[in-house]
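Residues per chain, in single letters:
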Amino acid sequence: MKKVILAYSGGLDTSCIVRWLVDRGYEVICFVADLGQGLGKGEDLKKIEERAKAAGASKVYIKDLQDEFIDDFIVPALKAGAIYEGKYLLATALGRPLIAKHLVDIAHKEKAQAVAHGCTGKGNDQVRFEVTVNILDPKLEILAPVREWEFKSREEEIEYALSNNIPIDVTKKKPYSIDRNIWGISIEAGVLEDLEQEPPEDAYLITKSQNHASGYPKYLEITFEKGVPKKIDGKAYSLKDLIIYLNEVGGCYGVGRADLVENRLVGIKSREIYEAPAGTILYTAHKELESLVFDRELAHFKEIITLKYSELVYYGLWYSSLKTALDGFVNVTQKQVSGKIRLKLFKGTCVAVSRKSENSLYKKELSTYGKEDKFDQKLAEGFIRLWGMPYRK
Ligand code: ARG
C-alpha cells in the first residue's frame, strides 16, 4: 500500500482529503503544523487528532513549530525587510516552506512515497508546497486532491463528510477563507472579492478599526541587537512572547491592517486583506533603525535586495540558492543594526518618535543649523563644481 503524508489542518477540505485518499488505496498519515494559528492546547489538539483518525488516517503527527518558524523564517524576513507589493508581510508565504520541510522529513521517517496538501489550483500556496518539496526531495510524489476531485462546492464536501462519518463542524457557510499564524492573518473570498466594497469589520480578527481604537496614543520602545528585537520598554522577551505581546497591543490600537489587490504567481489578481500588528510594529522600528546606522549606498542597495527577497518568499523559492545568498548579504548588514526605537501607536498608525544607537551615523555637529556647526560650507562649492561638471559640458 502506498503511504502518503498529508498536511492536515483539521478543517473540512483536508478531512475530506483523508477519506478521499483512503478510498483510492492510500495509507494516510496526517501532519498538523502548529505555527501559532491558535490551535489551543490539549482539548483542541485531541479533537483534531480524533477527527483525522475518524476520517481514516492511520497516524497523526502534531508538531509545535512556532520557535522554528520565528527563528528560521520570521527573523530572516524581518532582517531582510521582506514585504510583498508594499503591503503584505508574507505570513502565509513564510509558513509554507516550513510545513513542506516537515512533510518531507516525516515522509522520509515513515518511508512514504508521497505527500499531499489541500491547496486549490488557483493560489500561491500549492506552488510553495510543491516547489519546496521538489527542492528538498525531487523523488517524492505530490498529491493535490482539491485540484482534481469531484466536489464542486462546500455543500458537496459536507455531504461527503457526513455520509462517511467524518466529524466536522457543520456551520453556516463560512464567509471568508482565512489562513492564520503567529506572524499574521490572510483573509480572502466572500464580499472581499468585490473591489468596490470596503472590507466589513467582521472580516478582521485581531485588529480594532481606527474608529474603535483608543483615543489616546500608546508609546513603545523596541530594542534591537544585530537586527533582532530583544526588548520592549527595556524588558527582555523571548521572540515568541514579544510577537504575541505586540500582536495584542498593536491590534488594540488598530495597527497592522492591509487591504491589497495583489499579483498572484499564477497570473490572477486577487483582493486580500491582512492583519499583522506585531510585524508592522517591528518592521517600522527595524527600518527606522537601519536608516540611522546604514550609510546611503548600503541603505539604497538594500532596498533592491528587499524587493528581490520578497518576491522569492512569495514565489515559494525559500530554499533557492539566491535566497540563501541574499541572507548572507542581509546578515552582514545586520551586524550594525543595534539600538532603540520608540514608537507611537495611534488609531491605526505606527510611527517612530525617537531613535538611539551606538552605531548611529547621524552627527549633529554636521547637520545642525545652530552655532555648534562643524561642517565647512566652503567645501561644498568644489564638490558641486566636480559633481555637476559632466552636465555643464
Ligand atoms: N495571498 C496570500 C499569499 O499568497 C495568502 C494566501 C492564503 N490566504 C487565505 N486566505 N487562505 O501568501
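The rules we used
Residues numbered from 1 in each chain as written. Predicted model: local features only at pLDDT ≥ 70, side-chain atom pairs only at ≥ 80, totals over all residues. Heavy atoms only, no water. Pairing = 2+ DSSP bridges. Helix = DSSP H or I, 4+ residues; strand = E, 2+ residues; numbered from the N terminus. Axes fitted to C-alpha atoms, helices over the stretch in contact; angles between N-to-C directions. Near = heavy atom within 4 Å. Polar contact = N/O pair within 3.5 Å; in protein donor to acceptor, adjacent residues only side chain to side chain. Areas by Shrake-Rupley, 256 points an atom, 1.4 Å probe, with all protein chains shown as cover. Nonpolar A, V, L, I, M, F, W, Y, C, P; charged D, E, K, R; others polar. Contact = heavy atoms within 4.5 Å. Buried < 20%, exposed > 50% of the residue type's maximum accessible area, 1.4 Å probe, protein only.

S.K.: Explanation requested: the sheet that holds strand β7 (residues 184-188) in the structure shown.
M.R.: Strand pairing in a sheet relies on backbone hydrogen bonds. The paired strands run either parallel or antiparallel. Spatial strand order, β6-β7-β12-β11: 4 strands in an open sheet with antiparallel pairing. Strand pairing shows two members of the sheet lacking a second neighbour, β6 (177-181) and β11 (257-263), which therefore form its edges. This sheet shows a mean twist of 20 degrees between the axes of neighbouring strands, independent of strand direction.

S.K.: Help me out: how do you make sense of the sheet that holds strand β5 (residues 141-143) in this one?
M.R.: Here 5 strands make up an open sheet; going across it, the order is β3-β2-β1-β4-β5 and the pairing parallel. Strands with a single pairing partner mark the edges of an open sheet, and in this sheet they are β3 (59-64) and β5. Between one strand and the next, the sheet's axes are offset by a mean angle of 25 degrees, whatever the strand orientation. Pairing geometry for strand β1 (residues 2-7) and strand β4 (residues 114-116), over 3 bridges, is parallel.

S.K.: Can you help me understand the site of the ligand in this one?
M.R.: Around the ligand there are 15 residues in total, and Y88, N124, R128, S177 and E262 lie nearest to it. At 2.7 Å, a side-chain N or O of E262 approaches a nitrogen atom of the ligand. Out of a free accessible area of 340 Å², the ligand has 93% covered by protein chains. Sorting the residues of the shell around the ligand by element identifies α4 (91-110), α5 (125-136), β6, β7 and β12 (269-275) as the ones contributing at least two each. It is β6 that provides the largest number of residues to the shell around the ligand, a total of 3 residues. Class assignment of the residues belonging to the shell around the ligand gives a composition of 5 nonpolar, 4 polar and 6 charged.

S.K.: Is there a simple way to think about the packing of helix α1 (residues 12-23) against helix α2 (residues 43-55) in this case?
M.R.: Geometrically, a packed helix pair is captured by the angle between its two axes and the distance between the axes. Interaxial distance between α1 and α2 falls to 8 Å at its minimum, and their mutual angle equals 35 degrees. From α1, S15, V18 and R19 reach across to α2, where they touch R51, A52, A54 and A55. Split into classes, the residues belonging to the contact of α1 with α2 amount to 4 nonpolar, 1 polar and 2 charged.

S.K.: Can you help me understand the pairing of strand β9 (residues 228-232) in this one?
M.R.: In this structure, strand β8 (residues 218-225) lies alongside β9, joined through 4 bridges in antiparallel fashion. The residue of β9 that forms the bridge with F224 is P229. Adjacent in sequence and paired antiparallel, β8 and β9 are bridged by 2 residues, among which K226 carries a positive phi angle near 50 degrees. Here β9 pairs with strand β10 (residues 235-236) via 2 bridges, running antiparallel. Bridge pairing in β10 links K231 to A236.

S.K.: Would you mind going over the side chain of R128 with me for this structure?
M.R.: Assignment of secondary structure puts R128 in helix α5. Judged by relative accessible area, R128 falls into the buried class, the value being 2%. At 2.7 Å, the side chain of R128 forms a polar contact with the side chain of D125.

S.K.: Explain unusual backbone geometry to me, please; I cannot follow it from the model alone.
M.R.: Peptide bonds are, in most cases, trans, and in most cases residues other than glycine have a negative phi. Of note, K226 is a non-glycine position whose phi angle comes to about 50 degrees, a positive value. Structurally, K226 is set in the loop between β8 and β9. Positive phi, close to 50 degrees, is recorded for D233, a residue that is not glycine. On the secondary structure map, D233 appears in the loop between β9 and β10. Judged by its relative accessible area of 45%, D233 falls in the partly exposed class.

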